[in-house]
Amino acid sequence: MNLFSLDSPLMRALNLIADLVILHLLWVLCSIPIFTMGASTTALYYACMKRVRTKEGYITRNFFNSFKENFRQSTIVWMVLLVIGFLYVTNIRYGIFLDNTMGKVIIVGCSIFLIPYLLIAMYIFPVQAKFENPVIANVKNALIMALRHFHYSLLLFFIWGSFFLMARFSIPFMGLALICGAGLMGWLTSMIFIQIFRKYIPDEIEEDLEKSGEKFI
């Protein structure tokens, strides 16, 4: 096989790298107003899952189609998460400031609610990208999936935690994150979310293999 043919492993790898860089740039540009970050994250996951599932190369078109279609719901979810996150940080700081029994109660209470908050925040945008449901239904489904597939949730926590630690303490990895961080994380975690979602859409794998030109075994 010609090393520089379109189907060679080298060219497929280069195409993937280029797609991850483009997706990262699209996510950053569309997240600049801050309040649009929810819609851009949903769009990122939609494009990444399409890319992983069928090797489809229309990443820019997929990104903007999802951004437009999910803008309203994703923005509502994102703003609610921001408000809850702000209240959480405020209460934690207040509990530390009190430095008494009541302060400890506040800190413990906040810590208990942190777990479902993080699970929902981690799952909601991929769920929003995949399923057409009202916001409340998607939030509920995100939490149910996160708890039902808790082993995957732990893996996702590990991936996100490793990413942030390496970006914080490794200068080369920090440079990588600046170039394609959002695209890379979207692509890596999308592979996990696809496995989760296929348990609810069992026929999808055959459709994906057919679209990608591969055989179902």
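Notes on the structure follow. Quantities reported herein were computed from a predicted structural model and do not represent experimental measurements.

Moving on: unusual backbone geometry. Excluding glycine, residues mostly have negative phi values, and the peptide bonds linking residues are mostly trans. Even without glycine at this site, Ile-34 takes up a positive phi of about 70 degrees. With respect to the helices, strands and loops of the structure, Ile-34 is situated in the loop between α1 (9–31) and α2 (37–54).

In the contact formed by α2 and helix α4 (residues 71–98), the axes pass within 7 Å of each other and the chain directions differ by 120 degrees. Classified by the angle their axes make, α2 and α4 are oblique. The two elements α2 and α4 meet at a crossing, and its hand is right-handed. Between α2 and α4, the contacting residues are Met-37, Gly-38, Ala-39 and Thr-42 on the first element and Phe-71, Ser-74, Thr-75 and Trp-78 on the second. Broken down by class, the residue content of the contact of α2 with α4 amounts to four nonpolar, four polar and no charged.

It is worth spelling out the packing of aromatic side chains at this point. Counted by the stated rule, this structure contains 11 aromatic pairs. Taken together, a centroid distance of 5.6 Å and an interplanar angle of 90 degrees make the contact between Tyr-45 and Phe-193 edge-to-face. Of this pair, Tyr-45 sits in helix α2 while Phe-193 sits in helix α8 (residues 171–197), and the two are 148 residues apart along the sequence. Residues Tyr-45 and Phe-193 agree in their burial class; the two are buried. Judged by centre distance (5.5 Å) and plane angle (80 degrees), the ring pair of Phe-63 and Phe-64 falls under edge-to-face. The buried category is assigned to Phe-63, whose relative accessible area is 0%. Clustering of aromatic rings is evident, with ring pairs tying together Tyr-45, Tyr-123, Phe-131, Phe-193 and Phe-197.

Now for α2. Taking 1.5 Å of rise per residue, the 18 residues of α2 would be expected to cover 26 Å, and the 26 Å separating its terminal C-alpha atoms lies within 8% of that figure. When you tally the buried positions in α2, you get 16 out of 18 residues, the bulk of the element. Residue Lys-55 follows α2 closely and has a positive phi angle near 60 degrees.

Here is what the cut-offs are and how they apply
- Residues numbered from 1 in each chain as written.
- Predicted model: local features only at pLDDT ≥ 70, side-chain atom pairs only at ≥ 80, totals over all residues.
- Heavy atoms only, no water.
- Helix = DSSP H or I, 4+ residues; strand = E, 2+ residues; numbered from the N terminus.
- Axes fitted to C-alpha atoms, helices over the stretch in contact; angles between N-to-C directions.
- Parallel < 35°, antiparallel > 145°, perpendicular 65-115°, else oblique.
- Left-handed = near helix turned anticlockwise from the far one by under 90°.
- Contact = heavy atoms within 4.5 Å.
- Nonpolar A, V, L, I, M, F, W, Y, C, P; charged D, E, K, R; others polar.
- Phe/Tyr/Trp six-rings, centres within 6.5 Å; stacked < 30°, edge-to-face > 60°.
- Buried < 20%, exposed > 50% of the residue type's maximum accessible area, 1.4 Å probe, protein only.
- Expected span 1.5 Å × (residues − 1).

By themselves, these are just geometric observations and shouldn't be taken as functional.
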